[in-house]
Amino acid sequence: MLLALILIPLLTAAVVPLAPKRSVGQVALLGTLVALALAAYLTLGRDWSGPDAGRDLAVSAPWMPELGLVFKLGTDGLSMSLVALTALLGPICVACSFTAVTQRVRTYYGWLLVLQAAMTGVFLARDMILFYVFFEFTLVPMFVLISLYGSTNRKAAAVKFFLYTFTGSVIALAGIVYAAWFNANRVDAADPVAKALVAASPDLVLGRWTFDLASLQAAASRFMSAETQWWVFLALLCGFAVKVPLVPVHTWLPLAHTEAPTAGSVVLAGVLLKLGTYGLLKIAIGLCPAGAMAWAPTIGLLCLLGIVGAGLICWVQTDVKKLVAYSSVAHLGFCVLGLFAFNDAGVQGSVLYMINHGLSTGALFLCIGMIYERYHTRSMREIGGLAARMPIWATFMVFFTMASVGLPGLNGFVSEFLCLLGAFQAGDVWRSHPLTVGGTGGNLGPYVAAIAGTGMIIAAMYLLYMLGHVVFGPLREPHHDEHHSASGGAHDAEPRLPADLTAREIGVLAPLAVLCLVLGVYPKPLMRMVDPGVKEVIAAVEGARTQRPATRPVAEGDAGAAPALATQEAAR
Amino acid sequence: MTHLLSHLASVALAASPPAEGAARAAAPVLGRVVEGPWTAVLIPGLPLLAAVLVALCAAGRVRSKLPAWITVGCLAGAFAAAVQTYLAVVHQPGLAQGVRVLEWIHLSWGEKPGQSFAADFGLYLDSLTMLWMLFVTGLATLIALYASEYMAHDLGAGYNRFYFAFALFVFSMSCLVMGDNLILLYLGWEGVGLCSYLLIGYFYKKPSAVAAAKKAFIMNRIGDLGLALGIMLTFVQFGSVRYAEIFEAAAPYLTLAGEGRIGEIPLLIQLIPVLFTVGAFGKSAQLPLYVWLPDAMEGPTPVSALIHAATMVTAGVYLVARFLPLYQCSTWALPIVAWTGAGTALLAATIGMAQFDIKRIMAYSTVSQLGYMFAGLGVLTSAGAAYHVFTHAFFKATLFLGCGAVMHGFAGQLDLRKLSGVAFMKGWGIVGLAMLVGCLNLAGFPFTAGFFSKDMILAEAFASPTYQALGWVLLFTAGLTAYYTFRVFFRVFIGPKFYEPGDELHAHDDHGHGHGGAHGHGDGHGHAPAKAKATADAAHDFHPHAPGWAINVVMVLLTVGSILAAYPYLISWVPGLIDASSARVIEVAHGGEHAHGTFFGYDPHAVMYYVSAIVGAVGIIFAFVLHFVGRTGAATAKADALLPVFGPLARWAQNKWYVDEFYNFLVRVPLLVISHVLHLADKLLVDGLVDLAGFMPQAAGRGLRRQQTGALNGYAFGMVLGVGVIAAIGAVLLW
């Protein structure tokens, strides 16, 4: 089943070049719809709230046994929710390109489908090298999409995107390989702790070469010293922080977003950025919880820089697409901040943020793409007051902006508030107030939350500035369109679009709008679904927290803590 | 007359003021919730249904008044449900009732208190809730009816949009007031903000309307941040965001406060209400966040009446009243509320005196009256504050709708120098009469509802030994209020008949835009006869159209409501409701003799009626002499001769004390500069270093190979740089 989620888009991509040019889009749409149906069946058809939910779906086959490589796919509610997001955006990306892309359609849809397969693979991979392969492979289709189908500066943007993220992930690969080496050479399978671990879950491979995610995580989190974890985490951070992106390694994003075709931007904002946060959440923190804890204040600071700095930068943009692109940096700042709170509210909020940002920002890019198709400009100096011309579009635009700004009742609020609450709770300041019941302790705290909270104001400033220019105000349209204003862009080769949205375009936006509303009002099913994955992350960090203090008496420690400490000392 | 006054006063006194220590109802049981009537769900439910139906109308491109009738019908149903729920609630005084609707956000990470987070769509019904919902749904119904005629020029998409936001507003307001937890309150809080944004920006082609809408939303967001942080602190301290559980957890602190040992309450608990206050000041337009409300008058007048006068802006007052137990646990929160309120009341009144746009005058008077309400809360007469909210809702809605009728009938004319004697024109009698009643209320004329409610606040201020000075500020402001209120009435509604249509009729650039918001650039003397003649020519074809049945019916009902709003005072209705809710003022035990403030040795509760009646009358007389006696045209009045006496003060007040400019200079411009610097730094330093190291973006069409080799160095360099920065920060923080 999980394999099918990857294979369906891949097979469709293989069929696409054979299809007649006219029906390429329909074939691609059909393929993505089938994948969506399967993902929906898997997501909705079972209860994901149990700790072992989804285990029966796991797929495992030997790949390169001499290297310990296994083709292992697995899932839990958390991964599945992101797979579902990817599958949902699939048909939307295809359908939004029918009129936007008219040249070299086979290549276009083919790579789009490959991209979907690769992204799905990232979320399902349970072997580190497999994960890395999928992770890196997303770069290729994206590179093609930007460099062939982007706007004026597309080549530069594509190269920049590729090399920037590639360089980062090479360093991450070093971290992964080191972790595997550590497991093979520094972990003794005969160690009582290791034996206890294997006894608890027989699938674990300790003391031998493997890239199995669970095994490496068990080995590294238990046996690696905090200092080593700090370095390994840094290596992984290099790969994932570029993808998120965190300040100061974010500068590839505005350019890539601006130059990418609409579907590219949607995928980029919707899913590709989430590969970074997902990597941090599922790989890095589980592998090096102590390292993650040590890094939390720094990352918190970078998030604040992103939230406030990138937010303010949004406010002075004149290119509407760039504005939304920079807003992703600010939004992902919230997401990562919640993640590094390491408590329920924060991590839940962070996971929800991944989904919600994908929906609302993806939709905003769709809306802007529809404008670009009609006016061939993204400059707020040239277009304005479009509510007068395109009331349906304006309604959607206002709706998704409000979702993005975090208006309660829509999806953005739930995640943003939980991220902030998590950061607020995660302060050691609460430990000194004995009457406080809701603090969890951690490396962030109320001041961090307060500064991040200004991001709510800044978001209102730049998003309403955008609405005020593009949607409201006196109508402004580019001059050359004066005689064709009813039909938008007047380029001969392209099909003419009516002034307001077509039924197809409404069909593209409406599902996202419905989901934004539903997840804002009734997020309970999604929250239950991702809860086990969230608890797993928190448990990993809690484990590191309770293990670390060396002065802790042996009698008080839990079964594995004291011996693990001894091993850590030995490793030094 | 005097006899009647003292008789009425004694009746009222015997019945009411709680501070007198007269018999009070039993204290409410906070922290316990019993099952409430399901019909309460209809109060938010029906407006939501209306919003959905109107949205369907919009999708179906309905071009009739159907959305109006849907909304009016649903809101009337909500009002009926509110009455029914009210009866159920007062049936069990002092006991809050709860209705659970839908699970919303649930998290749990342990069994202990504070280890779970639960925010549901649930209702918390007590007498405070129902007091608010009665006037919210009642007024919303009437104003929706009024708007059916007022907005008729925009039938179609605009009409549908208007009623959608209108119905959504009432739904949001119900969530705000009826929610059983802080998160749902926050939903309503931001929801009303959204509707306010949409409705202020209703005329979205007008740049000033768009700017005003944006300003309102952002100003509110600043307050919302305070509220959000307060909510988080509440959760961290009390382990819950549900009212009942918060009150239960806070009970020990309240006991401490009641015993006069407020100093022993942890500072973090004392900080919660201060953070709430920031939110309240944003939503209720108090210093320093009030500047959005006058600009909000860009919206259609029914919106100004409902949202920006009667209901939404009182949300801050509701928040403080709801959490009065926490406020009473804080040393600073209530003084902050009291003094900010009084300061805002005075400042807004001075600005209101110098404006020429009658709708803006009403807006400033709303800001000023909200200041009274906060001052009332601050001096601990939550009953007085709540009653002032109640009476103000009626008379201010009347005043706004009256102004709206004028605006509607005279093509958008709002300048009081261009209208005169409107009440004597054919078909305008009802509006004129309604305006008279509204003005009397606002000016605090004896026996009006506004008089009684303002009195409760004034008397309590003087009765409190620490707030004597605040009492004087409020009393002085009462005089100013009477003056500027009747300045409008004497100039626009009576006197010689004269009118000049507004700029909705023709391109008449004299009014409205283009003067940086400074209406009245010429103080009235710029209108030479020649110009008056020219405009008279332009207005030659214009005939004001008198209000139709919907507007007149609503005006009559509201006028009657404004008059009858005085009756609850006589039966102490509001104090009874407040005492049975969380807004009840607890009695603080004093170590020694209970200090009691006096007014020149008299009991303030006994003499304030006379004092404020005299102050109000003086204000009205001033307005009469300066703006009515001997006035022959619309443009000028005797008051103009007085202007030199005040020197630059009058001009400064006209320009709103330059607060907007001050904010712009102090906050917006520096922030803009910082943003541009950041953007530049982002482009040049972070990104530019990368590009500098070998990236040739313009070589797009040429060989990829050269480009890649060149760029790889650049990006590797950039990556190393970025990673180095991260590592450096990490190292600094870690060691």
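This is a predicted model, so every value here is computed, not measured.

What follows is about the pairing of strand β2 (residues 69-73) of chain A. Residues and elements named next belong to chain A. The sheet contact formed by strand β1 (residues 59-64) and β2 spans five bridges and is antiparallel. Residue pairing for β2: M64 is matched across the bridge by L69. Following β1, the chain reverses through four residues before pairing antiparallel with β2; G68 in that reversal takes a positive phi of roughly 75 degrees.

As a further point, take the nonpolar core. By size, the foremost hydrophobic cluster in this structure holds 455 residues, and its most contacted members are F233, F340, W393 and M402 of chain A together with W132 of chain B. A342, A375, L458 and L474 of chain B belong to the second-largest nonpolar core, a separate cluster that totals 20 residues.

We now examine the interface of chain B and chain A. Between chain B and chain A, the contact holds 76 residues from the first and 83 residues from the second. Buried surface at the junction of chain B and chain A, summed over both partners, amounts to about 7,100 Å²; 79% is from carbon and sulfur atoms. In this assembly, chain B and chain A are joined by one salt bridge. With 18 residues, the top contributor of residues to the side of chain B that touches chain A is helix α28 (residues 704-734) of chain B.

Another aspect to go through is the side chain of Q237 of chain B. By the secondary structure assignment, Q237 of chain B is in helix α7 (residues 207-238). Setting aside its immediate chain neighbours within four residues, Q237 of chain B contacts W430, L435, T436 and V437 of chain A together with L268, I269 and I272 of chain B.

As a further point, take the confidence of the model for chain A. All names here are of chain A. Confidence in the prediction for chain A averages 87 pLDDT; 92% of positions are at 70 or higher. Below a pLDDT of 50 lies the segment residues 481-493, which in the model reaches 21 contacts outside its immediate sequence neighbourhood of four places, other chains included. Predicted confidence is poor over residues 549-572, with pLDDT under 50, and the contacts of this stretch with residues over four places away or in other chains come to 24 contacts.

Residue and element names in this part refer to chain B. Strand order in the open sheet formed by three strands is β1-β2-β3, with mixed pairing between adjacent strands. Only two strands of the sheet have a single partner each, and these edge strands are β1 (29-35) and β3 (116-125). Across the sheet, the mean angle separating the axes of adjacent strands is 60 degrees when strand polarity is ignored. Bridge count for β1 against strand β2 (residues 95-108) is four bridges, and the pairing is parallel. By the bridge assignment, E35 is partnered in β2 with G98.

Before going further, it helps to examine the environment of H545 of chain B. Residue and element names in this part refer to chain B. The residue H545 is located in the loop between α20 (529-538) and α21 (549-564) in this model. C-alpha separation for the pair H545 and F410, spaced 135 residues apart in sequence, amounts to 7.2 Å. Once residues lying within four places of it in the same chain are set aside, the contact partners of H545 are H408, G409 and W428. At 3.3 Å, the side chain of H545 forms a polar contact with the backbone oxygen of H408.

This part covers the pattern of salt bridges. Opposite charge on two side chains permits them to pair, given that their charged atoms come into close proximity. This structure, assessed with the given rule, holds 29 salt bridges over all chains. Notably, a salt bridge pairs K282 of chain A with D76 of chain A, separated by 2.6 Å at the nearest N-O pair. Here K282 of chain A, found in helix α12 (residues 262-287), pairs with D76 of chain A, found in the loop between β2 and α3 (77-95); they are 206 residues apart in sequence, far enough to count as distant. Residue K282 of chain A shares its accessibility class with D76 of chain A, and that shared class is buried. Note that D660 of chain B is salt-bridged to K215 of chain B, the shortest N-O span being 2.8 Å. Taken together, the positions of D660 of chain B in helix α27 (residues 659-692) and K215 of chain B in helix α7 put the pair 445 residues apart, joining distant regions of the chain. For D660 of chain B, a relative accessible area of 22% corresponds to the partly exposed category. When salt bridges that share partners are traced, they join K206, K215, D295, E298, R360, K656 and D660 of chain B into one network.

The rules behind the values
All residue numbers refer to positions counted from 1 along the written sequence of the respective chain. Working convention: letters from A go to chains and numbers from 1 go to ligands, in the order in which they are written. Thresholds applied to this predicted model are a pLDDT of at least 70 for local features of residues and 80 or more for the giving and counting of side-chain atom pairs; totals over whole chains, interfaces and linings are not thresholded and use all residues. Hydrogen atoms and water are omitted, and side-chain values are computed over all heavy atoms in the structure. Pairs of strands are assigned from DSSP output, requiring at least two bridges between the strands. Only DSSP runs of H or I covering at least 4 residues are called helices, and only runs of E covering at least 2 are called strands; the numbering of each starts at the N terminus. Among the buried residues, those of types Ala, Val, Leu, Ile, Met, Phe, Trp, Tyr and Cys that are joined through side-chain atoms within 4.5 Å form a nonpolar core. Each residue is assigned to one of three classes by its accessible area relative to the maximum for its type, calculated with a 1.4 Å probe on protein chains only: buried under 20%, partly exposed between the two thresholds, exposed over 50%. Any pair of residues with heavy atoms lying within 4.5 Å of one another is described as a contacting pair. Note on definitions: buried area is the accessible-area loss of two parts on being combined, 1.4 Å probe, summed for both. Each reported salt bridge corresponds to a side-chain nitrogen of Lys or Arg within 4 Å of a carboxyl oxygen of Asp or Glu. pLDDT runs from 0 to 100 and stands for how confident the predictor is about each residue. Working convention: axes come from line fits to C-alpha atoms, limited for helices to the stretch in contact. Angles between N-to-C directions cover 0 to 180 degrees. Think of a polar contact as two N or O atoms within 3.5 Å of one another; within protein, one of them needs to be a possible hydrogen donor and the other a possible acceptor, and neighboring residues in sequence only count if both atoms come from side chains.

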